[in-house]
Amino acid sequence: MPRILLTGFDAFAGDTVNPSWLAVQALHSRRIGGHRVVAAQLPTVFDASLAELGRLLRTHKPALVLCVGQAGGRAALSLERVAINVNDARIADNAAAQPVDTPVVAGGPAAYFSTLPIKAMLLALQKQGIGAEVSQTAGTFVCNHVFYGLMHMLATRRGFKRTRGGFVHVPFLPGQGQPHMALEDVVRGLRVAVRTALATQRDITQGAGAIS
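One structure accompanies this document, and this report is about it. What you see is a predicted model, and the numbers here were worked out from it, not measured in a lab.

**Structural notes on the side chain of asparagine 87**
Part 1: Checked against the element boundaries, asparagine 87 lands in strand E7 (residues 87-88).
Part 2: Given a relative accessible area of 4%, asparagine 87 falls into the buried group.
Part 3: If we ignore the near neighbours within four places in the chain, the residues touching asparagine 87 are Phe46, Pro99, Val100, Asp101, Thr102, Pro103, Val104, Thr140 and His145.

Below, the structure is given as structure tokens:
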């Protein structure tokens, strides 16, 4: 059975949980659209996260990859449009590294776009009553580092040219801060997003831009 790789992160910045990991863990071994979900945890560490992601890609050879991260302060599932080739850490990662103005991949392109149908995913989520938005920035911390690294690996490594990938940020859980989203809604949203991505080869045209 073809596989979907979902990744989440361990807790960071003083939190004891990370909703990205709890949500993808809940989908581990589930079947979505004729594919089996493999969920894995990435460390919130710049270099180690990509080393682990590369290992997971080689091991599972997924048809689709969705990396998931926590974005405190956001109220909806954020479907990330673009990853940029820069690390600029406002805080240290879990290994006390804090790179500033360094590239994710030396000599790599300035940016990569998600290859998932984010507009179709947005519409499907909204039809299910799940808060969702298209985001124009994944930040410059480990989430963007992983998003860019993923897209670079899919674009340049042999055997992955047909593998689509992208990134979704999820809100805090209740008790972590405001705004928040219940874990069951995050899990349901990820399932809808993945199912839509599998069923949609060509994205739709749907307004979801930002003024600022």
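**Looking at the sheet that holds strand E11 (residues 164-170)**
Part 1: Across the sheet, which stays open at both edges, the seven strands sit in the order E2-E3-E1-E4-E11-E5-E10 with mixed pairing between neighbours. The sheet is open, and its two borders are formed by strand E2 (31-32) and strand E10 (132-135), each paired with just one other strand.
Part 2: As defined by bridge partners, strand E5 (residues 77-80) adjoins E11 across two bridges and the pair is classed as antiparallel. Bridge assignment links leucine 79 to a residue of E11, and that residue is valine 168.
Part 3: Packed on one face of the sheet, helix H4 (residues 142-156) meets strand E1 (3-9), strand E3 (35-42), strand E4 (64-70), E5 and E11 and runs near 170 degrees to E11.

**Describing the pairing of E3**
Part 1: Most of E3 sits inside the fold, with six of its eight residues counted as buried.
Part 2: Here seven bridges tie E1 to E3, and the two strands are oriented parallel to one another. The residue bridging glycine 8 from the neighbouring strand is glutamine 41, located in E3.
Part 3: In this structure, E2 lies alongside E3, joined through two bridges in antiparallel fashion. Looking at E3, one finds that arginine 31 is bridged to arginine 36.

Here is what the cut-offs are and how they apply
Residues numbered from 1 in each chain as written. Predicted model: local features only at pLDDT ≥ 70, side-chain atom pairs only at ≥ 80, totals over all residues. Heavy atoms only, no water. Helix = DSSP H or I, 4+ residues; strand = E, 2+ residues; numbered from the N terminus. Buried < 20%, exposed > 50% of the residue type's maximum accessible area, 1.4 Å probe, protein only. Contact = heavy atoms within 4.5 Å. Pairing = 2+ DSSP bridges. Axes fitted to C-alpha atoms, helices over the stretch in contact; angles between N-to-C directions.

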